[in-house]
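Coordinate analysis (summary)
Chain residues, written in single-letter form:
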Amino acid sequence: VQLVESGGGLVQPGGSLRLSCAASGFTFSSYAMNWYRQTPGKERELVAGISSAGGNTNYAGSVKGRFTISRDNANNTVDLQMNSLKPEDTALYYCQARYLWYAYWGQGTQVTGSS
């Protein structure tokens, strides 16, 4: 099983980034996919989630209206479009695959806001 995140980087406040997670080694279309983020000293926070078929999404209140999660089951990828970025969005962003009690994690990609 592999989840590989990409797309992180340095971004100015108000800017945009698109994170991508490439999955392999499991039946991607059967798994709900989530994006989490974590900053030092804090617990990992659920940012956005999408159901296995992509019909349902959910967002943390802090990102609703600014972030959009999407998935491509044909290519085994899940993306997070992040717009209007704020300094407080700075974090290590992780991709998670979840099915019942199974959960797989990627290594994370760093998003850093700069002024």
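In the block above lies the structure referred to throughout.
Here goes a summary of the coordinates provided. Along each chain, numbering runs from 1 in the same order as the chain's sequence is written. Predicted model: local features are reported for residues with pLDDT of at least 70 only, side-chain atom pairs are reported and counted for 80 or more only, and whole-chain, interface and lining totals are derived from all residues. Only heavy atoms go into the side-chain values, all of them from the structure, while hydrogens and water stay out.

1. Concerning unusual backbone geometry
Even without being a glycine, N76 presents a positive backbone phi close to 55°. Its identity as a non-glycine residue notwithstanding, S84 has a phi of 50°, on the positive side. The helix count covers DSSP runs of H or I at least four residues long, the strand count covers runs of E at least two residues long, and both are numbered beginning at the N terminus. Among the secondary structure elements, S84 is positioned in the loop between β8 (77–82) and β9 (91–99).

2. Regarding the sheet that holds β8
As a general point, the strands of a sheet are linked pairwise by backbone hydrogen bonds and lie either parallel or antiparallel. In space, the four strands of this open sheet follow the order β1-β3-β8-β7, with antiparallel pairing throughout. Looking at strand neighbours, the two that pair on one side only are β1 (2–6) and β7 (67–72), the edges of this open sheet. Each strand of the sheet is rotated relative to its neighbour by a mean of 15°, with strand direction disregarded. Two strands make a pair as long as DSSP finds a minimum of two bridges between them. Inspection of the sheet shows β7 paired to β8 by six bridges, in the antiparallel sense. Its bridge partner lying in β8, F67 is registered against M82. Simply put, an axis is a line fit to the C-alpha atoms, just over the touching stretch for a helix, and the angle between two N-to-C directions goes from 0 to 180 degrees.

3. Here's the deal with a nonpolar patch on the surface
Together, Y99, L100, W101 and Y102 give the surface a local cluster of nonpolar side chains, amounting to about 500 Å² of exposed area. Summarising the element assignment, L100 is placed in the loop between β9 and β10 (102–105). Exposure above 30% relative accessible area and the lack of any salt bridge qualify a residue for a patch; like charges then connect within 9 Å, and the nonpolar side chains Val, Leu, Ile, Met, Phe, Trp and Tyr within 5 Å. Reported accessibility uses the Shrake-Rupley method at a 1.4 Å probe radius. Residues are deemed covered only where the shown protein chains occlude them. Salt bridge, as used here, is a side-chain nitrogen of Lys or Arg placed within 4 Å of a carboxyl oxygen of Asp or Glu.

4. Looking at the pairing of β10
With four bridges joining them, β9 and β10 adopt antiparallel strand pairing. Looking at β10, one finds that R98 is bridged to A103.

5. Here's the deal with the pairing of strand β4 (residues 32–38)
Taking burial as the measure, the seven residues of β4 include five buried ones, the bulk of the element. As defined by bridge partners, β4 adjoins β9 across seven bridges and the pair is classed as antiparallel. Among the inter-strand pairings, W35 is bridged to a residue of β9, identified as C95. The pairing of β4 with strand β5 (residues 45–50) spans five bridges and is classified as antiparallel. Paired with Y36 across the bridge in β5 is L46. The turn joining β4 and β5, which pair antiparallel and follow one another in sequence, is formed by six residues; a positive phi near 85° is taken by G41. Only protein chains enter the calculation, and the probe is 1.4 Å; a residue is then buried if its accessible area is under 20% of its type maximum, exposed if over 50%, and partly exposed in between.

6. A word on the environment of Y102
Inspection of the secondary structure puts Y102 in strand β10. What makes Y102 partly exposed here is its relative accessible area of 39%. Note: C-alpha distance between Y102 and Y31 (71 residues apart in sequence) is 9.2 Å. We call two residues contacting when some pair of their heavy atoms lies within 4.5 Å. In contact with Y102, not counting residues within four places along its chain, are Y31 and A97.

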